[in-house]
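One letter stands for each residue in the lines below.
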Amino acid sequence: MENDTARIGFVRKKARQIIKDSKITNPPVILRKIIDFLSKEFDIDVIKADFKGEYDGITVTIGDSHTLGFDENNPINRKRFSIAHELGHIVLGHTNGKNNDYDFESRDCRELEANEFAAELLVPYEFLKRDVNGVLTVKDLSLKYYVSEQMLWNRIKECKLI
């Protein structure tokens, strides 16, 4: 993969297919269900860790085994995004053994792809499109999807639903 071109359409399709194959039809997306589904194809172990604010999440890959760690001290919405983001790295083949130091603000296309994967996984476009036309507020929707209000606002704007 070229390091300067994010494959946003591919990433979205991949997340949507995983949601469909996991038989998730309504929010919130249950990450345990996603992990159990992905475990048919990938060797994934998920662990809680205390990263002391240095990382929100990290994936270590040895051979074909992936250990995904998330900071147990973060709020639940942040934990969910971190886990979904790290799953994105695994599914999208970003775990090539290089020891790169990524951060959420990085413009590295692998980080952009993992962020987009997490957003589509946690707040699927089709679910959101259906729900935005309802009577729920953004606060209500954030509770329904189990994500932060900021993430939900970003997703609504990104999906051009307002």
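Residues numbered from 1 in each chain as written. Predicted model: local features only at pLDDT ≥ 70, side-chain atom pairs only at ≥ 80, totals over all residues. Heavy atoms only, no water.

Quick notes on the packing of helix α3 (residues 76-91) against helix α4 (residues 109-122)
The N-to-C vectors of α3 and α4 enclose an angle of 120 degrees; their axes lie 8 Å apart at closest approach. Relative to α4, α3 is oriented oblique. In the crossing of α3 with α4, the sense of the turn from one axis to the other is right-handed. From α3, Arg-80, Phe-81, Ala-84, His-85, Leu-87, Gly-88, His-89 and Val-91 reach across to α4, where they touch Arg-110, Glu-111, Ala-114, Asn-115, Phe-117, Ala-118, Ala-119, Leu-121 and Leu-122. Considering only residue class, the contact of α3 with α4 consists of ten nonpolar, four polar and three charged. (Axes fitted to C-alpha atoms, helices over the stretch in contact; angles between N-to-C directions. Helix = DSSP H or I, 4+ residues; strand = E, 2+ residues; numbered from the N terminus. Parallel < 35°, antiparallel > 145°, perpendicular 65-115°, else oblique. Left-handed = near helix turned anticlockwise from the far one by under 90°. Contact = heavy atoms within 4.5 Å. Nonpolar A, V, L, I, M, F, W, Y, C, P; charged D, E, K, R; others polar.)

Here's the deal with α4
Because each turn of an α-helix spans 3.6 residues, side chains separated by three or four positions in sequence point in the same direction. For α4, with 14 residues, the first-to-last C-alpha span of 20 Å sits near the 20 Å given by 1.5 Å per residue. Burial within α4 is extensive, with 13 of its 14 residues counted as buried. Among the residues of α4, the N-terminal cap falls to Asp-108, whose side-chain oxygen and the backbone nitrogen of Arg-110 are separated by 2.7 Å. (Expected span 1.5 Å × (residues − 1). Buried < 20%, exposed > 50% of the residue type's maximum accessible area, 1.4 Å probe, protein only. Polar contact = N/O pair within 3.5 Å; in protein donor to acceptor, adjacent residues only side chain to side chain.)

Focus: the packing of aromatic side chains
Inspection of every chain in the model, using the stated rule, returns one aromatic pair. With a centroid separation of 5.9 Å and an interplanar angle of 85 degrees, the aromatic rings of Phe-51 and Tyr-55 are classed as edge-to-face. Residue Phe-51 is classed as buried on the basis of its relative accessible area of 19%. (Phe/Tyr/Trp six-rings, centres within 6.5 Å; stacked < 30°, edge-to-face > 60°.)

Concerning the environment of Arg-130
One can find Arg-130 in helix α5 (residues 125-132). Judged by its relative accessible area of 43%, Arg-130 falls in the partly exposed class. A sequence separation of 88 residues divides Arg-130 from Phe-42, and the C-alpha atoms of the two residues are 31 Å apart. Reaching out from Arg-130, the side chain makes a polar contact with the side chain of Asn-26 at a distance of 3.3 Å.

Regarding the sheet that holds strand β3 (residues 65-71)
Pairing within the open sheet is mixed, and its three strands lie in the order β1-β3-β2. The two strands at the open ends of the sheet, each matched to only one other strand, are β1 (43-49) and β2 (57-62). Ignoring strand direction, the axes of neighbouring strands in this sheet form an average angle of 20 degrees. Here β1 runs beside β3; their pairing, made up of seven bridges, is parallel. Bridging across to β3, Ile-44 finds its partner in His-66. (Pairing = 2+ DSSP bridges.)

A closer look at the environment of Asp-50
Among the structural elements, Asp-50 can be located in the loop between β1 and β2. Sequence spacing of Asp-50 and Leu-68 is 18 residues, and the spatial spacing of their C-alpha atoms is 13 Å. In this structure Asp-50 touches Asp-71, Glu-72 and Asn-73, once residues within four positions along its chain are discounted. A polar contact of 2.9 Å, which involves the side chain of Asp-50, links it to the side chain of Asn-73.

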